[in-house]
Structures are given as structure tokens and as C-alpha cells.
Amino acid sequence: MGRWDELQSAAREISGHAYAPYSDYRVGAAALTADGRIVVGCNVENASYGLTLCAECGLISQLIAGGGGRLTAFCCVDGSGRLIMPCGRCRQLLWEHGGAELELLTPLGIRTMAEILPQAFGPHDLMG
Ligand code: THU
């Protein structure tokens, strides 16, 4: 299986674990790390709606809890398994751990973070 097939299938599988009783919109996210791990996440909603955690939040938590590292490839899907785009906030989360070169499988094909979050604010802005 190619890396994109593997990631999409991991994202689909984890979307089945989503806790989305309010929107009924399940999301699964999966990414590959530079050292070959696959990290995943699903959305976790809350009765206090604004506290909802996107699937990407869970994925980043798993990345850090599992030893950290850089993300090299990413995709996310809805409950039907269709590719979707990460929301604006989550693009920023992904930028932090993948940077400009992180590749994403999007509904329009493979794109880089630099393409989907142009002129990003990031760690380099805080380094003088
Ligand atoms: N959602 C994600 O998990 N990731 C995104 O990038 C887009 C939105 C979730 C949050 C909420 O539980 C549901 O999708 C509807 O917005």
C-alpha cells in the first residue's frame, strides 16, 4: 500500500471513534512522521460547544505523547471517508509540527502547507 492509501485508511478507521453527538460530523486525521510512525486523531465534541477538539488536536497530542518529531504527510476525512481540508486553526497546529514542506492529500490533490497556509506565522517569528 502506498503512503497516501495507508494514511487515508488510518484516517477513515479513526473517524469511527469520533465523539460527535452534536454535529454528527465525524472527522478522522492521520499523519506520517519523519521516523515512520503513523499518528491519528478524531474529533471530540463537548456539551459546551466551543470546547470541541478537532481531530487534528488529538493527532498532535498523540505525536507529542509518542515522542514528538516532524510530520511529513497528512490527510483528514469526514465520516463518509471523503477527503476534507483541515480548518484554519488546525492548519496552524500542523504548521508548528510539519512546517512549509508538510504534504497534505486534499480534495484537489497533494498540496504543501506553504500552499494552504501562505505567509504563515510560525516558530521563526519568535526567534528574533
Ligand atoms: N472538525 C475537525 O475535527 N477538524 C477540522 O479540521 C474541521 C472540523 C470537527 C469539529 C466538529 O466536531 C465538527 O468537525 C464540525 O465542525
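Scroll up a little and you will see the structure.
Definitions and limits used
Residues numbered from 1 in each chain as written. Predicted model: local features only at pLDDT ≥ 70, side-chain atom pairs only at ≥ 80, totals over all residues. Heavy atoms only, no water. Near = heavy atom within 4 Å. Polar contact = N/O pair within 3.5 Å; in protein donor to acceptor, adjacent residues only side chain to side chain. Areas by Shrake-Rupley, 256 points an atom, 1.4 Å probe, with all protein chains shown as cover. Nonpolar A, V, L, I, M, F, W, Y, C, P; charged D, E, K, R; others polar. Buried < 20%, exposed > 50% of the residue type's maximum accessible area, 1.4 Å probe, protein only. Helix = DSSP H or I, 4+ residues; strand = E, 2+ residues; numbered from the N terminus. Pairing = 2+ DSSP bridges. Contact = heavy atoms within 4.5 Å.

Asks: Describe the site of the ligand, naming the residues involved and giving the relevant values.
Replies: Neighbouring residues of the ligand: S23, Y25, V27, N43, E45, T52, C54, A55, E56, P86 and C87. Interatomic distance of 2.5 Å between a side-chain N/O atom of E45 and an oxygen atom of the ligand. Within the backbone of C87, a nitrogen or oxygen atom sits 2.8 Å from an oxygen atom of the ligand. When the free accessible area of the ligand is taken as 380 Å², the share hidden by the protein chains comes to 79%. A class-by-class count of the residues in the shell around the ligand yields 6 nonpolar, 3 polar and 2 charged.

Asks: Hey, could you go over the pairing of strand β1 (residues 27-33) for me, with residue numbers and the actual values?
Replies: Where burial is concerned, most of β1 is hidden: 7 out of the 7 residues are buried. Along β1, one buried face is formed by V27, A29, A31 and T33 and the opposite face, lined by G28, A30 and L32, is buried too. Here 7 bridges tie β1 to strand β3 (residues 71-78), and the two strands are oriented antiparallel to one another. From the neighbouring strand, A30 faces β3, where its bridge partner is C75. In this antiparallel pair of consecutive strands, β1 and strand β2 (residues 38-42), the connection spans 4 residues, and G36 shows a positive phi of 90°.

Asks: Give me the lowdown on helix α3 (residues 88-98), citing residues and values where you can.
Replies: Considered for burial, the residues of α3 that qualify are C90, L94, W95, H97 and G98. On the buried face of α3, the contacting elements are α2 (55-65), β3, β5 (103-106) and α4 (113-116).

Nothing here speaks to function; it is geometry throughout.
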